[in-house]
Amino acid sequence: LSIAAFDRYLQSTAENAATAHYYRGMAYRALGDSQTAIAIWDEIIQQYPEADRWDDAWEEKAYTQWGYLEDFDAALETLLGFVDEAPWHARAAEFLFDAGRVAERGRDLGLAARIWQRIPPEYPSSEYVPRAVFITGITYYRMEDYASALTSFEQFLGTSADLGDRSAAHFWMGKAYQAAGNAGVAEAAFTRAANTDPTGYYSERARDFLIGRAPFAPPLVYDIGYDLAGERTEAEAWMREIFAIPAELDISDPSPLMADVRMIRGTELWYLGLYDTARLEFESLWQGVRSNPMDNYRLVNYLLDLGFYRTAIFAARDILDLNQMNDAATMNAPIFFNHVRFGSYYRELLIPAAQQNNLHPLFLFSVVRQESLFAGWVQSSAGARGLMQIISSTGASIAAQMGWPPDYTDEDLYRPLVSITFGADYLNTQHEYFDDLYVALAAYNGGPGNAAIWQSLAGDDPDLFVEVIRFEETRRYIKGVYEIFSIYRRLYDRTP
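Here we summarise the structure given alongside this text.

Thresholds, definitions, all that
- Residues numbered from 1 in each chain as written.
- Predicted model: local features only at pLDDT ≥ 70, side-chain atom pairs only at ≥ 80, totals over all residues.
- Heavy atoms only, no water.
- Helix = DSSP H or I, 4+ residues; strand = E, 2+ residues; numbered from the N terminus.
- Buried < 20%, exposed > 50% of the residue type's maximum accessible area, 1.4 Å probe, protein only.
- Contact = heavy atoms within 4.5 Å.
- Areas by Shrake-Rupley, 256 points an atom, 1.4 Å probe, with all protein chains shown as cover.
- Axes fitted to C-alpha atoms, helices over the stretch in contact; angles between N-to-C directions.
- Parallel < 35°, antiparallel > 145°, perpendicular 65-115°, else oblique.
- Left-handed = near helix turned anticlockwise from the far one by under 90°.
- Nonpolar A, V, L, I, M, F, W, Y, C, P; charged D, E, K, R; others polar.
- Patch = residues over 30% accessible without salt bridge, like charges linked within 9 Å, V, L, I, M, F, W, Y side chains within 5 Å.
- Salt bridge = Lys/Arg side-chain N within 4 Å of Asp/Glu carboxyl O.
- Lys, Arg positive; Asp, Glu negative; His and termini not counted.
- Charge placed at Lys NZ, Arg CZ, Asp CG, Glu CD.
- Phe/Tyr/Trp six-rings, centres within 6.5 Å; stacked < 30°, edge-to-face > 60°.
- Expected span 1.5 Å × (residues − 1).
- Core = buried A, V, L, I, M, F, W, Y, C linked by side-chain atoms within 4.5 Å.
- Arc of directions from axis to C-beta.

### Some thoughts on the overall build of the protein chain
Phase 1: Along the backbone of the protein chain there are 27 helices and zero strands.
Phase 2: Over its C-alpha atoms, taken along the principal directions, the protein chain stretches across nearly 75 × 65 × 50 Å.
Phase 3: Burial statistics for the protein chain: of 496 residues in total, 54% are counted as buried.
Phase 4: Taking the intrachain contacts of the protein chain between residues at least 6 apart in sequence as the baseline, contacts between residues at least 24 apart amount to 58%.
Phase 5: When the accessible surface of the protein chain is totalled, it reaches about 21900 Å², and 50% of it is carbon and sulfur.

### As for the packing of helix α20 (residues 347-356) against helix α21 (residues 361-372)
Phase 1: Look at α20 against α21: their axes get within 9 Å of each other, and the N-to-C directions meet at 120°. The pairing of α20 with α21 is recorded here as oblique in orientation. Here α20 and α21 pass one another in a crossing that is right-handed. Listed contacts from α21 to Arg347, Leu350, Ile351, Ala353 and Ala354 of α20 are Pro361, Leu364, Phe365 and Val368.
Phase 2: For the contact of α20 with α21, the class distribution of residues is eight nonpolar, no polar and one charged.

### Topic: the packing of helix α15 (residues 275-289) against helix α17 (residues 309-322)
Phase 1: Their axes nearest at 10 Å, the elements α15 and α17 cross at an angle of 5°. When the axis of α15 is compared with that of α17, the two are roughly parallel. Between α15, through Phe282, Glu283 and Trp286, and α17, the contact on the second element is made entirely by Arg310, Thr311, Phe314, Ala315 and Asp318.
Phase 2: The residue inventory of the contact of α15 with α17, partitioned by class, reads four nonpolar, one polar and three charged.

### Here's the deal with a negative patch on the surface
Phase 1: On the surface, Asp71, Asp73, Glu77 and Asp108 cluster together into a negatively charged patch.
Phase 2: By secondary structure assignment, the location of Glu77 is in helix α5 (residues 72-85).

### Quick notes on the environment of Ala328
Phase 1: Looking at the element boundaries, Ala328 is found in helix α18 (residues 327-330).
Phase 2: Exposure remark for Ala328: the relative accessible area of 25% places this residue in the partly exposed category.
Phase 3: For the pair Ala328 and Gly459, spaced 131 residues apart in sequence, the C-alpha separation works out to 33 Å.
Phase 4: Excluding residues that lie within four positions of it along the chain, Ala328 makes contacts with Pro198 and Thr199.

### Comments concerning the packing of aromatic side chains
Phase 1: The tally for this structure, following the rule as stated, stands at 49 aromatic pairs.
Phase 2: Centre to centre, the rings of Phe134 and Phe153 are 5.9 Å apart; their planes meet at 50°, and the pair counts as tilted. Separated by 19 residues along the polypeptide, Phe134 in helix α8 (residues 129-142) and Phe153 in helix α9 (residues 146-157) bring together distant segments of the chain.
Phase 3: We classify Phe153 as buried; its relative accessible area is 0%.
Phase 4: Centre to centre, the rings of Trp404 and Phe422 are 6.1 Å apart; their planes meet at 75°, and the pair counts as edge-to-face. Of this pair, Trp404 sits in the loop between α22 (392-402) and α23 (416-434) while Phe422 is found in helix α23, placing the two residues 18 residues apart along the sequence.

### Quick look at the side chain of Glu231
Phase 1: With respect to the element layout, Glu231 can be found in helix α13 (residues 228-242).
Phase 2: Despite its burial, Glu231 pairs with no opposite charge, the nearest such side chain being Arg494 at 7.4 Å.
Phase 3: Dropping the residues within four chain positions of it, Glu231 is found in contact with Tyr226, Ile335, Phe336 and His339.

### Some thoughts on a nonpolar patch on the surface
Phase 1: A cluster of nonpolar side chains, Tyr63, Tyr68 and Leu69, forms an exposed patch at the surface whose accessible area comes to about 290 Å².
Phase 2: Looking at the element boundaries, Tyr63 is found in helix α4 (residues 54-68).

### Quick look at helix α3 (residues 34-47)
Residue pairs spaced three or four apart in an α-helix point in one direction, given the helix's 3.6 residues per turn.
Phase 1: The terminal C-alpha atoms of α3 lie 20 Å apart, and with 14 residues this matches the ideal 20 Å at 1.5 Å per residue to within 8%.
Phase 2: Among all positions in α3, only Ser34, Ala37, Ile38, Ile40, Trp41, Asp42, Ile44 and Ile45 are buried.

### Brief notes about the nonpolar core
Phase 1: Within the largest apolar cluster, 162 residues are counted, with the highest numbers of intra-cluster contacts made by Phe337 and Phe363.
Phase 2: Broken down by element, this core gets its largest block of residues, ten residues, from helix α27 (residues 472-492).

### A closer look at α22
Phase 1: Within the sequence span of α22, burial applies to Thr394, Gly395, Ile398 and Ala399. Seen end-on, α22 carries its buried residues on one side only, within an arc spanning 130°. Of the residues in α22, the exposed ones pointing more than 90 degrees away from the buried face are Ser393, Ala400 and Gln401.
Phase 2: Once α22 finishes, Gly403 follows within two positions and takes phi at roughly 70°, a positive value.

### Side note on the environment of Thr36
Phase 1: By the secondary structure assignment, Thr36 is in helix α3.
Phase 2: With a relative accessible area of 27%, Thr36 lands in the partly exposed category.
Phase 3: Each C-alpha atom, one on Thr36 and one on Arg24, is 9.5 Å from the other, the two residues being twelve residues apart in sequence.

### So, the side chain of Asn428
Phase 1: Mapping Asn428 onto the fold places it in helix α23.
Phase 2: In this structure, Asn428 is in contact with Asn357, Asn358 and Leu359, ignoring residues within four places of it in sequence.

### Topic: the pattern of salt bridges
Phase 1: Going through the model one piece at a time under the given rule, you end up with 33 salt bridges.
Phase 2: For Glu104, the salt bridge identified is with Arg101, shortest N-O distance 3.1 Å. Taken together, the residues Glu104 and Arg101, both in helix α6 (residues 92-105) and three residues apart, mark about one turn of the helix.
Phase 3: Taken together, the shared-partner salt bridges connect Lys175, Arg205, Asp208, Arg213, Asp461, Asp463 and Arg489 into one network.

Following this line, the structure appears as structure tokens:
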């Protein structure tokens, strides 16, 4: 029907013809006729060079060639052809970067590296320069050309002032030196990486290398118990000193906020079970008081008692921000704030689920925090729901396998017990299949099929695995879980 409608449109007018042809191509590809789709996009490329969809036609042609037809050589020719024909185009650097990805996917690592090396000199102002330089180093590392890898990582070190990027450069220099058999220089590089961006992903991984710790290694002894009520005394004394709060002011009493209509509405909506609407009220109030450490602290305590952890976590971080504490410095704040920000919420559900699925509780706490910040009522733009952000199709599949809960519907995913049970089960399934927590996390976030492809590119190296992931969201997701897990381990480790 779509194709027929576009055909009628093209017969009646020439206005926006390129756009109509573009979507005709998309429709044919959706029907499984990739060759006709490519022919249509070729028509746009040849006949409509001034059209808005001209670059999109090149892009979809290349994607169809490698993603649908697995013709990597043809896709490379298309992408590089675009750059040759329109080197001035705003997307030329992007297409050059994508061409390197296609060469990598086709297992021609040398060609991929050479393509990415073109970006800095040809498009020095492009946003793709840092990533191209970095991934060139990764590619040479994969080729066991450690000298060329080091050159690229040193170049990357000079392209960014971001602490995370600089830590990444030092970390991978350490990996390259280590692989080349230069253990002493490798240790120095790992030390620089560990000190550059404390609590950041690459700094944490560098610290692992320095002490010989495996990825996601849990503490031998841990204790997730804490007493927030008792810890408030230290926190309040610290706040009075830092923010010069008079002793006669009760900063834990929420009464000064109770007259605010947002507090009233938020509370009533919360008790009515209208959690997302309550969130809007509480977040509006939080935005209004976040520059006031006393009111922020009052809000933290009120929301914790209510069970509204997500905004309490944000508000607790704001108090530390008001004292200009960076991520590393917050680890030295009164323990109350870090127990709020990295709490063991829903422990009565989460610990049994972790134990039943051969997952460490601290790891599962980290995943839940990354997924939802312990908000059981949230729904993502992709339709993922609940504490562990389960999508409807996955939830239905797990419910069918378990035969539980009775009369299952998608709304059950908002129930903490269901979400944690399903999420832990699904993670364990991926872990058992891939035998790697990195890959299991990638499967959880980006899909098992994609995770399998990335694993095939990286082999058994978890650090390489992170770098070859093509979805920026999934790469950030794994790094985020790792950073959170490292903090949970630091807070709750009781190993003698």
